Number of protein chains: 2
Amino acid sequence: MNSGCKKNESSRISDGWVRKVQLSLPSLQDNTADADRLIHHLRKQFETNHVEIDLELLRTLPSQLRQWHYAANCVVIRKLDGDHWYVLDISDPNADKLYLGVAIDLGTSRIMIRLLDLTTSELYHETAFDNPQLSVGPDILTRIHTCEQPDGLEKLHHMIISTLNHEIQAVCRSCGFDSRDVYLIALAGNTSMTHLFMGLPPRWMIREPYIPVINSPPVKKASVYGLGIHPLGRVLIFPNIGSYFGGDLVSGILYSGITSRSDPAILVDVGTNAEVVLGNENWLVACAGAAGPALEGGVAQIGMMAGPGVIDRLSIDPVTREFSIQTMGGLRPIGICGSAMIDLAANLFLAGMIDFRGRLIPETCGKRLVTKAGLAHLEIVSAKASGSGESLTISQTDIDSLIRSKAAMFTILETVTESVGMTPEELQRFYVAGSFGVYIDPVSAVTIGMLPDLPTDRFQPLGNSSLEGASHVLTSCQSLLAIQDIKDKITYLELNVNQVFMNRFSAAKFLPHTDRSRFPRLKRS
Amino acid sequence: MNSGCKKNESSRISDGWVRKVQLSLPSLQDNTADADRLIHHLRKQFETNHVEIDLELLRTLPSQLRQWHYAANCVVIRKLDGDHWYVLDISDPNADKLYLGVAIDLGTSRIMIRLLDLTTSELYHETAFDNPQLSVGPDILTRIHTCEQPDGLEKLHHMIISTLNHEIQAVCRSCGFDSRDVYLIALAGNTSMTHLFMGLPPRWMIREPYIPVINSPPVKKASVYGLGIHPLGRVLIFPNIGSYFGGDLVSGILYSGITSRSDPAILVDVGTNAEVVLGNENWLVACAGAAGPALEGGVAQIGMMAGPGVIDRLSIDPVTREFSIQTMGGLRPIGICGSAMIDLAANLFLAGMIDFRGRLIPETCGKRLVTKAGLAHLEIVSAKASGSGESLTISQTDIDSLIRSKAAMFTILETVTESVGMTPEELQRFYVAGSFGVYIDPVSAVTIGMLPDLPTDRFQPLGNSSLEGASHVLTSCQSLLAIQDIKDKITYLELNVNQVFMNRFSAAKFLPHTDRSRFPRLKRS
């Protein structure tokens, strides 16, 4: 995913973190100190009362300012929750100096980092790698329990920091850059991962009433966390809304631009949980609920994350019931990813191979219906055609699980929209984040009643919106106000699993829904 | 100067840096993070948007808050130049915990430190010691030149830090306390000394246009400077107004209360320079000028700083011309301090032993007039009576020098008062800071025309106002607003040595003044 390591000086960003200043010269009549002279200038420029210069920088500031005739490029950063600015470095305004930023999407399973130019926003490099904490436990819960053992937190903290150091160094080196030219890291992750990054105990996040240590981490020096970039470089961590609504989502909201819209839009991110945000320029409602595993390919025995040989598209001829399969890299199939599971369920339903409750119908499934370990399975790929030498099958249990997940998803969407007096069908824009958003076929998702029956062009995949939001922060001072705006506006809707919710959930457990009139698209097909 | 090392829990200060909080308990309905819960509470209490908690504290905060049922004592500090607060520590609200503060007057020659209780403002201990940098050079100029040699700045910085560490440890130990219970240091010193304390290059302060590195140092962790107190303890350094108007003066202004007065008052501090501040609740005018050495006892060969055997009071019978001498500790005299020099000049004048130009009159001086190294000297103490075995004498040159100093002092006072349309005689309150203020006899000073002829009760000695101001900061959050207020209000008057100044200076070089009508007191005597 290297997008080229050239440095392009073409377009400097006026909203960026590197600012050119020309100060008035000191005189007997104007004997303001060097630091205060720069601070006064920046105060005016930023329309703020609070600008601070690091002590380390003060030691060299006087001679540097004199050398450059009181002109300089200043690298600045502001606090998230107030108009308080810091000057990280000053440099010769006539030198061709590099100012780098690193955006990080700190996922539970995968981590993505992106190297950008702070002044031109040019993308130099991007890389993805496994979260080293996977070796402790694939899920967050195991890791949090590990933190409760002696030195457990330090171990997990150190794992993530040393891996990030290694990867940031490598990314810089691959472009011929020095990591000491990295001034700013913007990090978005779920609440647990950002706590482990900061070395903060996540213990109380998994116990009722599920309280994080901190919602809005302060902007701190990278060295405080042990990260080796510029000695005065800072880390900006996206704030979370709660233990189950992390900074990665806030970053996604920032990237989606929902808060600039006049008409409401929704953003859905499906991972271990389904996280949903609905809003516009005036308000935001967020909620998170367990709806994910089956959709992420984590429930079916043959379910897999996207990768070579994994089925990512599937269709069934409704007349001949012939299966048509597409794998990543065109290899022999070895598993099926979440989006193809949705294709599968939709196509089985349209071909009459499962009924409206999701039950496999022996008459239409025919010879594909086999018995494995005493349970009815549907064969997707025969042993001969598969890449593993074994047939790929799904059980009735797998389908039931998928249907529960899709029902939970739809119920969450209904609950969130209902909380603001809307129905899911009224949504003008439906953003789907993550790889799920990239791979999912909205038509399949609508067919099984997981997503509301909207015109296809209203669905929009966002890609890695968490990484995109973090990248945006690296080149825009204004973006921090937008983050604060998101945090201030957002109302977190605690999913109350009460009778109303259960009734909705029960109604959504049918294909596509008990109330077929809500899925007019299906009548047309 | 030990004022007793007992701990007194009687009166806690509501304006102090230690605050009791009781937070609402978290619940499913109120899932705000622990840190943000505390921050929101303090924001309300302090009516501010900006409260930050140190990362190190965040690691223990969740378990501590739960242990204490979300009640705690919080140690806080705010920035000088904005309503930005930091939480340094939280502790069990039911435990008998000690919270200490250290006030420092960082003088060029002497350093005074005072150990206080942050919650009761009780004074535990006070000590004074020589500035270790005296070994490099007695005056600031030598030290600044030393900074320009390789590692010179680091050496001077290290000297002051290691001595302060040693003395703070000793003071705490002498009271049976641990220096890790010191949370706040308030430090007042002249601009050069505070720069050396911070390790900042003073190079440009002695070169036109005399620019310091910084006027308003940020409030930083003591560990940043290498001071060993509480790991998250902070140092608050008084801001300076320029290279020659330091934080010690700002601290003195704070202590004097000038800025709370409706009618103007003046504050005079005589050290190497004479520093003068005139103002009231609405405005402040400051200026500094060379007027000091002779007044500090630094010019006459027998001049000395106050100490055992030093003459601190002197009078001459105007009829018999008998000398009456008082020494510190009642010892045999070995030298004379600045205030007694002023007594001497006033008494010589009143006894007709010097004329109105300060010339020794042979007829009235009689046998006290001796010749030393070919110059006319007046014998103050005979060789037999002195503590050194040698006679104590002053030369005509010494007297001339004293008269130049007193003339400079009066001219500065005239210039400052004239700048706001007043005369020195209109001053309702005249504060005199430092040991000079404690020892000086205002009647003598008026007699020689160094100070204006005001009723004696308008003169008020302030003692070590720099140390007092620093002590005040340790127990009052509001005091930081007052410091900022002083900084905002003050106008620094550059002493323009022009013809007007020189004319005034010439007129003031007579005893008491060319215009005797300005000193009516003298007519009465």
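Quick caveat: nothing in here was measured; it's all calculated off a predicted structure.

Novice: Describe the sheet that holds strand β12 (residues 274–279) of chain A, and please don't skip the residues or the numbers.
Specialist: Residue and element names in this part refer to chain A. Strand order in this open sheet of six strands is β21-β20-β11-β12-β13-β22, and the pairing throughout is mixed. Edge positions in the sheet fall to β21 (459–463) and β22 (490–492), since each has one partner strand and no second. Each neighbouring strand pair of the sheet contributes to a mean axis angle of 20 degrees, computed without reference to strand direction. Inspection of the sheet shows strand β11 (residues 265–270) paired to strand β20 (residues 430–433) by four bridges, in the parallel sense. The residue bridging Leu-267 from the neighbouring strand is Tyr-431, located in β20. Here helix α15 (residues 478–489) sits on the sheet and contacts β13 (284–289) and β22; the angle it forms with β22, its principal contact strand, is near 40 degrees.

Novice: Quick rundown of the interface of chain B and chain A? Include the residues and the values.
Specialist: Listed per partner, the contact involves 50 residues of chain B and 50 residues of chain A. Between chain B and chain A lies a buried interface of about 4,100 Å² when both sides are counted; carbon and sulfur atoms form 57% of it. Of all residues in chain B, Leu-28, Asn-31 and Leu-55 of chain B give up the largest surface area on contact with chain A, accounting jointly for 15% of the area buried on that side. In this assembly, chain B and chain A are joined by six salt bridges. Here Lys-220 of chain B ties to Asp-54 of chain A by a salt bridge, and the two come within 3.9 Å at their closest N and O atoms. At the boundary of chain B with chain A, the tally comes to 21 residue pairs in polar contact (both at pLDDT 80 or more).

Novice: Please give an account of the packing of helix α5 (residues 152–174) of chain B against helix α6 (residues 191–198) of chain B that cites residues and values.
Specialist: All names here are of chain B. One can describe the packing of α5 onto α6 by two numbers: an axis separation of 7 Å at closest approach and a directional angle of 90 degrees. Judged on the interaxial angle alone, α6 and α5 are roughly perpendicular. Together, Leu-153, Leu-156, His-157, Ile-160, Ile-161 and Leu-164 of α5 and Met-193, Leu-196, Phe-197 and Met-198 of α6 make up the contact between the two elements. A breakdown of the residues in the contact of α5 with α6 according to their chemical character gives nine nonpolar, one polar and no charged.

Novice: Got a sec to walk through the sheet that holds strand β5 (residues 100–106) of chain B? Specific residues and values, please.
Specialist: All names here are of chain B. Spatially, six strands are ordered β7-β6-β5-β8-β10-β9 in an open sheet, and the strand pairing comes out mixed. The open sheet is flanked by β7 (123–130) and β9 (220–221), the only strands paired with a single partner. Across seven bridges, the pairing between β5 and strand β6 (residues 110–117) is antiparallel. Within β6, the residue paired with Ile-104 across the bridge is Ile-113. Here helix α14 (residues 465–474) sits on the sheet in contact with β5, β6, β7, β8 (182–189) and β10 (234–237), set at roughly 155 degrees to β5.

Novice: Please set out helix α15 (residues 478–489) of chain B residue by residue, giving values where relevant.
Specialist: Note that an α-helix has 3.6 residues per turn; residues three or four places apart therefore point the same way. Residues and elements named next belong to chain B. Spanning twelve residues, α15 covers 17 Å between terminal C-alpha atoms, matching the ideal 16 Å at 1.5 Å per step. For α15, every residue scored as buried is listed here: Ser-479, Leu-480, Ile-483, Gln-484 and Ile-486. An end-on view of α15 places all buried positions within 155 degrees of arc, on one side of the element. On its buried face, α15 sits against β3 (71–78), β10, α8 (247–256), β13 (284–289), α14 and β22 (490–492).

Novice: Let's hear about the relation of the copies chain B and chain A: which residues, and what values?
Specialist: Of the transformation superimposing chain B on chain A, the axial component is 0.0 Å and the angular component is 180 degrees, with the fit at an RMSD of 0.1 Å. The operation mapping one copy onto its partner corresponds to a two-fold rotation axis. Minimal C-alpha distance to the rotation axis in chain B is attained by His-84 of chain B, lying at 4.4 Å. Counting the interface residues of chain B, we find that 100% of their copies in chain A are interface residues as well, pointing to one common contact surface.

Novice: Describe the environment of Gly-228 of chain B, and please don't skip the residues or the numbers.
Specialist: Residues and elements named next belong to chain B. Residue placement: Gly-228 occurs in the loop between α7 (222–225) and β10. Note: C-alpha distance between Gly-228 and Ile-302 (74 residues apart in sequence) is 41 Å. Apart from residues lying up to four places away in sequence, Gly-228 is in contact with Asn-165, Gln-169 and Ser-179.

Novice: Quick one: what's the story with the environment of Glu-468 of chain A, residue by residue and with numbers?
Specialist: Residues and elements named next belong to chain A. Relative to the helices and strands, Glu-468 resides in helix α14 (residues 465–474). According to the relative accessible area criterion, Glu-468 is partly exposed, its value standing at 23%. Separated by 419 residues in the primary sequence, Glu-468 and Asn-49 have C-alpha atoms spaced 31 Å apart. When neighbours within four sequence positions are excluded, Glu-468 is seen to be in contact with Arg-114 and Tyr-255. Only 3.1 Å separates the side chain of Glu-468 from the side chain of Arg-114, close enough to count as a polar contact.

Novice: Describe the confidence of the model for chain A, naming the residues involved and giving the relevant values.
Specialist: Residue and element names in this part refer to chain A. For chain A, per-residue confidence averages 91 on the pLDDT scale, and residues scoring 70 or more make up 95% of the total. Segment residues 6–12: pLDDT under 50, and 16 contacts once partners within four positions in sequence are set aside and those in other chains are kept. With a pTM of 0.90, the predicted complex shows an ipTM of 0.90.

Novice: So, the packing of α8 of chain B against α15 of chain B: which residues are in play, and what are the values?
Specialist: All names here are of chain B. Contact geometry of α8 with α15 gives a least axis separation of 10 Å together with a crossing angle of 115 degrees. Regarding α8 and α15, the two cross each other, and that crossing is right-handed. Judged by residue contacts, Val-250, Ile-253 and Leu-254 of α8 engage Ser-479, Ala-482, Ile-483 and Ile-486 from α15. Each residue belonging to the contact of α8 with α15 can be placed in one class, and the counts come to six nonpolar, one polar and no charged.

Novice: Explain the pairing of strand β18 (residues 375–381) of chain A to me, using residue names and the numbers behind them.
Specialist: Looking along a regular strand, one sees the side chains alternate between the two faces of the sheet. Residues and elements named next belong to chain A. Strand direction decides the pairing type here: strand β17 (residues 369–372) and β18, joined by four bridges, are antiparallel. Among the inter-strand pairings, Leu-369 is bridged to a residue of β18, identified as Leu-378. Hairpin connection, β17 to β18: the antiparallel pair is bridged by two residues, and Ala-373 has positive phi, about 50 degrees. Direction of pairing for β18 relative to strand β19 (residues 392–395): antiparallel, over a ladder of four bridges. Across the sheet, Leu-378 pairs through a bridge with Ile-394, a residue of β19.

Novice: So what's going on with the packing of aromatic side chains? Which residues, and what values?
Specialist: Residue and element names in this part refer to chain A. Within the structure shown, the criterion is met by 20 aromatic pairs over all chains. Between Phe-46 and Trp-85 the ring centres are 3.8 Å apart and the planes differ by 5 degrees, which places this aromatic pair in the stacked class. Taken together, the residues Phe-46 in helix α1 (residues 34–46) and Trp-85 in strand β4 (residues 84–91) connect sequence positions 39 residues apart. Comparing Phe-46 with Trp-85, the two get one shared label, buried. Seen in terms of ring centroids, Tyr-124 and Phe-177 are 4.9 Å apart; in terms of plane orientation they differ by 70 degrees. Their pairing is edge-to-face. Of this pair, Tyr-124 sits in strand β7 (residues 123–130) while Phe-177 sits in the loop between α5 (152–174) and β8 (182–189), placing them 53 residues apart in sequence. On the basis of relative accessibility, which here comes to 0%, the residue Tyr-124 falls in the buried class.

Novice: Now, about the side chain of Arg-143 of chain B: what can you tell me, with residues and values included?
Specialist: All names here are of chain B. Structurally, Arg-143 can be placed in helix α4 (residues 140–147). Buried Arg-143, no salt bridge; nearest opposite-charge side chain is Asp-139, N-O distance 6.7 Å. A polar contact of 2.8 Å, which involves the side chain of Arg-143, links it to the backbone oxygen of Thr-108. Within the structure, Arg-143 has its side chain in polar contact with the side chain of Gln-133 (distance 3.2 Å). In contact with Arg-143, not counting residues within four places along its chain, are Thr-108, Asn-131, Gln-133, Leu-134, Val-136, Gly-137, Pro-138, Leu-156, Met-193 and Leu-196.

What counts as what
- Residues numbered from 1 in each chain as written.
- Chains lettered and ligands numbered in written order.
- Predicted model: local features only at pLDDT ≥ 70, side-chain atom pairs only at ≥ 80, totals over all residues.
- Heavy atoms only, no water.
- Pairing = 2+ DSSP bridges.
- Helix = DSSP H or I, 4+ residues; strand = E, 2+ residues; numbered from the N terminus.
- Axes fitted to C-alpha atoms, helices over the stretch in contact; angles between N-to-C directions.
- Contact = heavy atoms within 4.5 Å.
- Buried area = accessible area lost by both parts, 1.4 Å probe.
- Salt bridge = Lys/Arg side-chain N within 4 Å of Asp/Glu carboxyl O.
- Polar contact = N/O pair within 3.5 Å; in protein donor to acceptor, adjacent residues only side chain to side chain.
- Parallel < 35°, antiparallel > 145°, perpendicular 65-115°, else oblique.
- Nonpolar A, V, L, I, M, F, W, Y, C, P; charged D, E, K, R; others polar.
- Expected span 1.5 Å × (residues − 1).
- Buried < 20%, exposed > 50% of the residue type's maximum accessible area, 1.4 Å probe, protein only.
- Arc of directions from axis to C-beta.
- Least-squares fit on C-alpha atoms with pLDDT ≥ 70 in both.
- pLDDT = per-residue confidence, 0-100.
- Left-handed = near helix turned anticlockwise from the far one by under 90°.
- Phe/Tyr/Trp six-rings, centres within 6.5 Å; stacked < 30°, edge-to-face > 60°.
- Lys, Arg positive; Asp, Glu negative; His and termini not counted.

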